[in-house]
Amino acid sequence: MNHNGQLVEGVLKGDRRSIARTITLIENNPSEARKVISKLYSHTGKAQIIGITGPTGSGKSTLIERLVKELRRKGKSVGIIAVDPSSPFTGGAFLGDRIRMQKHSIDGKVFIRSMATRNSSGGLARATRDAVRVLDASGKEVAIVETVGAGQSEVDIRKIAHTVVVVLAPGLGDDIQAIKAGIMEIGDIFVVNKADRENADASVIDIETTINMSWEKKKWRPPVIKTTAAKGEGTTELLNHISLHMKYLENEGFDKQRRQDVETELAEAIKQKTTDSIIGELKRTGELEELIGKILAKKTDPYSAADTLLKERLKGFKTRT
Ligand SMILES: Nc1nc2c(ncn2[C@@H]2O[C@H](COP(=O)(O)OP(=O)(O)O)[C@@H](O)[C@H]2O)c(=O)[nH]1
Ligand SMILES: [Mg+2]
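Residues numbered from 1 in each chain as written. Chains lettered and ligands numbered in written order. Predicted model: local features only at pLDDT ≥ 70, side-chain atom pairs only at ≥ 80, totals over all residues.

Draft legend 1. Inspection of the site of ligand 1 at higher detail. Around ligand 1, 15 residues are found, and the nearest of them are G59, K60, S61, T62 and A230. Of all the secondary structure elements, the ones that give two or more residues to the shell around ligand 1 are α4 (60-73) and α5 (92-105). Here the shell around ligand 1 gets three residues from one element, more than from any other, and that element is α4. For the shell around ligand 1, the residue count by class is three nonpolar, nine polar and three charged. (Near = placed C-beta within 6 Å. Helix = DSSP H or I, 4+ residues; strand = E, 2+ residues; numbered from the N terminus. Nonpolar A, V, L, I, M, F, W, Y, C, P; charged D, E, K, R; others polar.)

Take a look at the structure:
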């Protein structure tokens, strides 16, 4: 069996080293990783995927630690992917997360992994989605993805998670206003963490008011839950609401959403593949250099050059690009 085959077998057995290596492959060698993901794909779709997002410092990691504890108590296996674009491997927050989470990783039913921004333009989003698939295929019943919210991350957590939990904290002041603009549409559940602070109730009312303005009747109405993650308070209620949301999804337009996601992903894969092969060939033949020269000399322009190139190579496709 080749190396990829061993990885696939290992992941399917839930072997943590294979899971870790596959995620490393996803980060470092996307084209090789695609082969592994292709083999794992039919084994995915079973895990419940929860996105935890919100500004740095609101208590996401602390909350996740509590959720994991409760899920473990219920006997569920859990995988966690922490995406933190601001802190790669030297970041304090990352180390803090790691040390706190370590308690759980001793337990064989919990897998924790952090991912950092490496290659831009969709790279991290794709890597995160595929990493979640690895956890799913490995048999983790719940996969939790931690991301920094509101336009600060290129990862669109809505496209990855079944349920998106937005974690805010009182006392973020004006930040809350700015954050709310981008974050209100993405939350299925809102959490006001650090409820031990005095202005927690004001934050809850504030968020409730905002939800009431945008919420369309008959649709899921995002609940607002107070938690004190530091003490483990409110986490049971949060888990209950996550389950309720999952039930809601099972009854409502869930499939339609997934169709849309698959279409987007397929389109992305086609784009990637065609771009890679066309650019690759142009580089090999030296045509790319030649074209760049012509564009620089104003003999042609990037649009016309692309049109001419594609006309030849995409014969048979009727749609104009
Ligand atoms: N007072 C208070 N502090 C908390 C609570 N939850 C987390 N914190 C603290 O807030 C800081 C940021 O927490 P962290 O989980 O790393 O936030 P993240 O950046 O959103 O992942 C840490 O110092 C936590 O100990 C809470 O419920 N109450
Ligand atoms: Mg964190």
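Draft legend 2. Region of the structure containing unusual backbone geometry. The backbone of K194 shows a phi angle near 60°, a positive value even though the residue is not glycine. Following the sequence through the fold, K194 ends up in the loop between β6 (189-192) and α8 (200-214).

Draft legend 3. Here's a closer look at the sheet that holds strand β5 (residues 163-168). On the basis of which strands lie adjacent, the open sheet formed by seven strands has the order β3-β2-β4-β1-β5-β6-β7 and parallel pairing. One side of each edge strand has no neighbouring strand; the edge strands of this open sheet are β3 (110-115) and β7 (224-226). Across the sheet, the mean angle from the axis of one strand to that of its neighbour is 20°, orientation sign disregarded. In this structure, β6 lies alongside β7, joined through three bridges in parallel fashion. Counted as the bridge partner of V191 is I225 from β7. (Pairing = 2+ DSSP bridges. Axes fitted to C-alpha atoms, helices over the stretch in contact; angles between N-to-C directions.)

Draft legend 4. Looking closely at the pairing of β3. Burial of β3 is extensive: six of the six residues sit out of reach of the surface. Residues V110, I112 and S114 of β3 are buried on one face, and the alternating residues F111, R113 and M115, pointing to the opposite face, are buried as well. (Buried ≥ 20, exposed ≤ 12 C-beta atoms within 10 Å, placed from the backbone.)

Draft legend 5. Seen up close, the packing of helix α2 (residues 16-28) against helix α3 (residues 30-40). Where α2 meets α3, the closest approach of the two axes is 6 Å, and the angle between their N-to-C directions is 135°. Judged on the interaxial angle alone, α3 and α2 are oblique. Crossing of α2 against α3: the hand is left-handed. Two secondary-structure elements touch here, α2 through T22, L25 and I26 and α3 through P30, E32, A33 and V36. Residues that form the contact of α2 with α3 fall into these classes: five nonpolar, one polar and one charged. (Parallel < 35°, antiparallel > 145°, perpendicular 65-115°, else oblique. Left-handed = near helix turned anticlockwise from the far one by under 90°. Contact = placed C-beta atoms within 7 Å.)

Draft legend 6. Broad picture of the nonpolar core. Counting 60 residues, the largest nonpolar core has A131, I144, V145 and V191 as the members making the most contacts within it. Sorting elements by how many residues they give to this core places helix α6 (residues 123-137) first, with seven residues. Once residues within four sequence positions are removed from consideration, V145 is found in contact with I49, G51, I52, I81, V83, T128, V132, I157, I160 and A161. (Core = buried A, V, L, I, M, F, W, Y, C linked by C-beta atoms within 7 Å.)

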